[in-house]
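Here is what each chain is made of, one letter per residue.
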Amino acid sequence: MKRPISARRAAREGYVSLLAMAFATGLAVIGGALAVGLHNYLSAAADQTNEIRTRIALESAAAEVLGRLAGGEAVPLAPSPNAGEPAVRVSLVSTKVDPAADAPGLVHAALTDAGVQPDGEGDPRAASGLAALSALWRLDAAGEDCLRRVLTYGRAPAPRADVVEPERLQGVSAGDQLDVRTSIRTAAGDRALWVRARFTGRADGWVVHDYRRLAGPFTC
């Protein structure tokens, strides 16, 4: 025969049951939050790892081309279509327009040819470099990428001439300056690296004057 349960005991057991249910629910919520947090962390870590790998690939491609040029090897200026690998384009600084030294009409013509429309009236002579000029003119990454194809600051050693770039560049001499653009298409979007380098003619090879990473898509 069962003994009757007192009202106090029944209330206490009911309270314990509710407490256990609340505790179990709390554990489930915390477990779900931890699972979501762990997933987000792993996704962010994977994205960061992929970005680092992309950056290494772009830098390695640029360094490889500069090393070949320093060794006297002929290098094509236009990129070769290698799927999944960085495409490298080399351009001669001496053929670009210098917004700090050339006439405004020449700068405007170069921008028109590149399809760049500055959103601002800032004087390009006041900018310290192409990144600053891009910010002054409120250009996006695609606009800055197009800008870098036609403009440069500190063009040397000679004034710009109407010279068509050759298809291949055979070696370099001390003082030569080049713009090297490496780009790659990834699952996260297009990535590009611009490096402005000057050949020293010494064992150190190259001095980098400008280093700029951009995230696309790119239109030029």
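Residues numbered from 1 in each chain as written. Predicted model: local features only at pLDDT ≥ 70, side-chain atom pairs only at ≥ 80, totals over all residues. Heavy atoms only, no water.

Asks: Summarise the overall build of the chain; cite the residues concerned and give the values.
Replies: Across its full length, the chain carries four helices and six strands. In sequence order, the chain lays out its α and β elements as α-β-β-α-α-α-β-β-β-β. Taken across its 220 residues, the chain has 33% of its residues classed as buried. Within the chain, contacts between residues separated by at least 24 positions form 62% of all contacts whose residues are at least 6 apart in sequence. When the accessible surface of the chain is totalled, it reaches about 13,500 Å², and 58% of it is carbon and sulfur. (Helix = DSSP H or I, 4+ residues; strand = E, 2+ residues; numbered from the N terminus. Buried < 20%, exposed > 50% of the residue type's maximum accessible area, 1.4 Å probe, protein only. Contact = heavy atoms within 4.5 Å. Areas by Shrake-Rupley, 256 points an atom, 1.4 Å probe, with all protein chains shown as cover.)

Asks: Could you give me a rundown of helix α4 (residues 141–150), with the residues and numbers involved?
Replies: Counting buried positions over the 10 residues of α4 gives eight, a clear majority of the element. Those residues of α4 that fall on the buried side of the exposure criterion are Ala142, Gly143, Glu144, Asp145, Cys146, Leu147, Arg148 and Val150. Residues of α4 that are buried make contact with α2 (104–114), α3 (130–136), β4 (177–186), β5 (189–199) and β6 (206–215).

Asks: I'd like to hear about the nonpolar core, residue by residue, with values.
Replies: With 21 residues, the main nonpolar core has Leu69, Val90, Leu169, Val172, Leu178 and Trp206 as its most contacted residues. For this core, the secondary-structure elements that each account for two or more residues are α1 (7–70), β2 (87–92), β4 and β5. The element contributing the most residues to this core is α1, with six residues. Contact partners of Leu169, with chain neighbours within four places excluded, come to Leu69, Glu73, Ala74, Val75, Leu77, Val90, Leu92 and Leu178. Counting 16 residues, the second-largest nonpolar core is a separate cluster that includes Val116, Leu130, Leu139 and Leu151. (Core = buried A, V, L, I, M, F, W, Y, C linked by side-chain atoms within 4.5 Å.)

Asks: I'd like a rundown of the sheet that holds β2, residues and numbers included.
Replies: Spatial strand order, β2-β4-β5-β6: four strands in an open sheet with antiparallel pairing. Of all the strands in the sheet, the pair left with one neighbour each is β2 and β6. Each strand of the sheet is rotated relative to its neighbour by a mean of 20°, with strand direction disregarded. Pairing of β5 with β6 involves nine bridges; the strand directions are antiparallel. Bridge pairing in β6 places Arg198 opposite Val207. Helix-sheet contacts for α4 involve β2, β4, β5 and β6, and the interaxial angle to β6 is about 150°. (Pairing = 2+ DSSP bridges. Axes fitted to C-alpha atoms, helices over the stretch in contact; angles between N-to-C directions.)

Asks: Which residues make up the pairing of β5, and what values do they have?
Replies: On any regular strand, side chains alternate: one points to one face of the sheet, the next to the other face. Counting buried positions over the 11 residues of β5 gives 10, a clear majority of the element. Pairing of β4 with β5, which is carried by 10 bridges, proceeds in the antiparallel orientation. Considered in β5, the bridge of Thr186 is made with Gly189.

Asks: Before we move on, could you go through the packing of aromatic side chains and cite the residues and values that matter?
Replies: Throughout the structure, instances matching the rule amount to one aromatic pair. On the numbers, 5.1 Å between centres and 50° between planes, the contact of Phe199 with Trp206 is tilted. Of the residues examined, Phe199 reaches a relative accessible area of 8% and is grouped as buried. Sitting over the ring of Phe218, Arg181 keeps its end group 5.4 Å from the ring centre. (Phe/Tyr/Trp six-rings, centres within 6.5 Å; stacked < 30°, edge-to-face > 60°. Lys NZ or Arg CZ within 6 Å of the ring centre and 35° of its normal.)

Asks: Give me the lowdown on the environment of Arg155, citing residues and values where you can.
Replies: Locating Arg155 in the fold gives a position in the loop between α4 and β3 (168–170). Overall, the relative accessible area of 14% leaves Arg155 in the buried class. Along the primary structure Arg155 and Ala101 are separated by 54 residues, whereas in three dimensions their C-alpha atoms are 8.7 Å apart.

Asks: Outline the pattern of salt bridges, listing residues and values.
Replies: Two side chains bearing opposite charge may form a pair once their charged atoms approach each other closely. Counted according to the given criterion, the structure contains 11 salt bridges. Taking the shortest distance from any N to any O, the salt bridge between Glu59 and Arg55 comes out at 3.2 Å. In this pair, Glu59 and Arg55 both sit in helix α1, four residues apart, roughly one turn of the helix. You can call Glu59 partly exposed: its relative accessible area is 29%. When its relative accessible area of 35% is taken as the criterion, Arg55 is described as partly exposed. The partner of Asp179 in a salt bridge is Lys96, with the nearest N and O atoms 2.6 Å apart. Here Lys96 lies in the loop between β2 and α2 and Asp179 lies in strand β4, a separation of 83 residues in the sequence. (Salt bridge = Lys/Arg side-chain N within 4 Å of Asp/Glu carboxyl O.)

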